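# Remarks on the overall topology
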Amino acid sequence: TVAACVCSSVASVYLEKILIESKPSIWVRNAQLCLFTIPIAAVGTQMVKDDYLKEEGTPIHGFTFAVWASIVTNAAGGMIVAVVMKFAGNILRNFAQACAIVVGGIGSCLLFDFVITSRFVGGVGLVILSIFIYGSKVEQLIAWPA
C-alpha cells in the first residue's frame, strides 16, 4: 500500500511538472500519453480469457448507453483535470481538491449510506492539510504560526 502511494505521488508530481513546463498543447500531450497506454491495455485484454471476445471478435460487446456515458464522463473529467493542472494556480487547485474530497464524502453518505467517523474526518483533514502544504512555498511554511 505504501509503495502504491509513493508511486502515485511521484507520478502526480511528474505529470504536473510535465504539464506546466511543456510547450505542446494539452491535446498533443494526451495523445502522447495515450500511445503508452494502448499497448498495455491491448496486452491486458489478450491475457484475459473472454468467451465473448472470441465469439464476436469485438472488445466492446455489451456496451450500453450507460457504459458509453461513463466513458465520455471520464474522458471529459480527464481533460478538465489537465486544463486545471495546466492553467490554474496552486491556490485554486488546492481549494478544488479540498472541495472534491468534501463533496465526495457527502455524496458517499447520501448515495451509499456511508457513515462519517472521526477517523474519516481526521484522514480527510490530513489529506487537505497535505494538499495545502504541497502547494505552499518554503517561505509560507516557515512563516506558519507554530
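Residues numbered from 1 in each chain as written. Predicted model: local features only at pLDDT ≥ 70, side-chain atom pairs only at ≥ 80, totals over all residues. Heavy atoms only, no water.

## Re the overall build of the protein
Across its full length, the protein holds seven helices and zero strands. Secondary structure elements in the protein, listed N-terminal to C-terminal, are α-α-α-α-α-α-α. Within the structure as shown, the protein displays about 11600 Å² of accessible surface, and the carbon and sulfur contribution to it stands at 73%. (Helix = DSSP H or I, 4+ residues; strand = E, 2+ residues; numbered from the N terminus. Areas by Shrake-Rupley, 256 points an atom, 1.4 Å probe, with all protein chains shown as cover.)

## Details of the packing of aromatic side chains
The tally for this structure, following the rule as stated, stands at two aromatic pairs. Measuring from ring centre to ring centre gives 5.2 Å for phenylalanine 63 and tryptophan 68, while their planes differ by 65 degrees; the resulting arrangement is edge-to-face. (Phe/Tyr/Trp six-rings, centres within 6.5 Å; stacked < 30°, edge-to-face > 60°.)

## Brief notes about unusual backbone geometry
The backbone phi angle of aspartate 113 is positive, close to 55 degrees, even though this residue is not glycine. By the element assignment, aspartate 113 lies in the loop between helix H5 (90-112) and helix H6 (118-135). Owing to a relative accessible area of 67%, aspartate 113 belongs among the exposed residues under this scheme. (Buried < 20%, exposed > 50% of the residue type's maximum accessible area, 1.4 Å probe, protein only.)

## A short note on a nonpolar patch on the surface
A cluster of nonpolar side chains, contributed by Val102, Ile106, Leu110, Leu111 and Phe112, occupies part of the molecular surface with about 580 Å² of accessible area. In this structure phenylalanine 112 comes out as exposed when scored by relative accessible area, which is 63%. (Patch = residues over 30% accessible without salt bridge, like charges linked within 9 Å, V, L, I, M, F, W, Y side chains within 5 Å. Salt bridge = Lys/Arg side-chain N within 4 Å of Asp/Glu carboxyl O.)

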